[in-house]
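Secondary and tertiary structure notes
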Amino acid sequence: MNIAATITKQIEIIEPGKLFSYRDFKLPADRMVAMANTLSKLVSKGIIKRFEKGKYFKPKQGMFGEVPLAQSQILQSILKENGNRVGYVTGTMAYNQMSLTTQIPNEYVIATNELRRSIKKEGVRIRFVKAYSSEITDNNIDLLRLLDAIKDIRVIPATGTNTALELIKGKLKRLSLNEQKEIVRLVLNYPPSTKALVGAMFELMGNNLGADKLYKTLNPLSKYKIGIDEKKLPNKNKWKIE
C-alpha cells in the first residue's frame, strides 16, 4: 500500500473534530514530503481541514452544518507541542475554574516560557503571558495557577482581596506537605509581594520551615501594598504587608 492510500485509510478512522498532526502517522522521515502532499490533496478535496501548519482535522457535521472545533481541542494544540506541555491556562478563566471568581472572560490567557502574539482560532481568542516558572509540567500547573492567583489577588474580578485571601488560604491548607514544599520552591521565581503573602499564610498554617525560607529572601526594607485586613492576616505587619 502506497503512502497516499495508507494515510487516507488512517484518516478514515480518525474521529471528526479531533486534531491530528504529522507525528500521529508515525512514518519515517523520508516519507514526510509524500505525506504532506497527500494531506494537501485531502484538504483541497474538503475531506480534511488545515488548522495550522502540520495540524489538521476532519470537519464534524451537526444538525445545522459543520460544528466548530471544541475549545478543548484548540487549547490542547497550543498547550502541548510534540507531546510536551509548553503552557497552561491562567488568568480569569483559571480563577473561575478554581472558584475564585464567578466571572467568565471572553478570552483565554496562556502562560508560556516564550511570549507569543495574541491569536484567534476558530472563534477562540487567546492571549499569551510570560510564565514566572521555567518549569511547566502536567504535575505542577495547579500549583502555578495557585501562585498566579496569589500574585493577582488584588485584581481577581468580582472578588474582594480579603475574600480571595480566605479562599486561597483554604486551598493552601488542603495541599500535601510535598505540595507545600513545591510551592515554596516555585514561588521563589515570583515577585517579592507574592513570596511575602505565601510566607505569611504558611506561617499561620504552622509551616514554619517554609515560611522562614521565604522570609529570608525578602528585603527587610520593602513593603507590599496588597490591601489585606489584619483580621484576615494577623501577622501581616511582620511580613510588611499593607
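Right, let's walk through the structure included here. Everything quoted here is computed from the prediction, not taken from an experiment. (Residues numbered from 1 in each chain as written. Predicted model: local features only at pLDDT ≥ 70, side-chain atom pairs only at ≥ 80, totals over all residues. Heavy atoms only, no water.)

1. Considerations on the overall build of the chain
Test applied: Counting from the N terminus, the helices are DSSP H or I runs at least four residues long and the strands are E runs at least two residues long. When we talk radius of gyration, it's over C-alpha atoms, and the globule rule is simply 2.2 Å times the number of residues to the 0.38. Here's how the labels work: a residue is buried when its accessible area is under 20% of the maximum for its type, exposed when over 50%, partly exposed in between, all with a 1.4 Å probe on protein chains only. Pairs of residues are marked as contacts when any of their non-hydrogen atoms sit within 4.5 Å.
Summing up its helical and strand segments, the chain has 9 helices and 11 strands in all. At 23 Å, the chain has a C-alpha radius of gyration far larger than the 18 Å of a compact globule built from 242 residues. When the backbone C-alpha atoms are referred to their principal axes, the chain occupies close to 70 × 40 × 30 Å. Within the chain, buried positions represent 43% of all 242 residues. Intrachain contacts of the chain at a sequence separation of at least 6 include 57% that bridge at least 24 residues.

2. Here we look at the sheet that holds strand β10 (residues 119–121)
Strand-to-strand pairing in sheets goes through backbone hydrogen bonds, with the strands running parallel or antiparallel. To be explicit about the condition: Strands were regarded as paired on the criterion that DSSP finds at least two bridges between them. For helices, the axis comes from a line fit to the C-alpha atoms of the stretch in contact; other axes are also lines fit to C-alpha atoms, and the angle between any two N-to-C directions lies between 0 and 180 degrees.
Judged by pairing direction, the sheet is mixed, and its 4 strands sit side by side in the order β8-β9-β11-β10 without closing on themselves. The open sheet terminates on both sides in strands that have one partner only, identified here as β8 (87–90) and β10. Averaged over neighbouring strand pairs, the angle between their axes works out to 35° when direction is ignored. In this sheet, strand β9 (residues 108–112) lies alongside β8 in antiparallel orientation, the contact comprising 4 bridges. Across the sheet, the residue bridging to Tyr88 is Ala111, located in β9. On top of the sheet, helix α3 (residues 71–79) reaches β8, β9, β10 and β11 (124–130); it is set at about 30° to β11, its chief contact.

3. Observations concerning helix α7 (residues 177–187)
By the burial criterion, the buried members of α7 are Gln180, Ile183, Val184, Leu186 and Val187. In the core, the buried residues of α7 are packed alongside α5 (141–151), α6 (161–173), α8 (192–205) and α9 (208–215).

4. Things to note about the pairing of β11
Of the pairings in the sheet, the one linking β9 to β11 comprises 5 bridges and is parallel in character. Considered in β11, the bridge of Val109 is made with Arg127. Linking β10 to β11, which pair antiparallel, is a turn of 2 residues; within it Glu122 sits at a positive phi near 50°.

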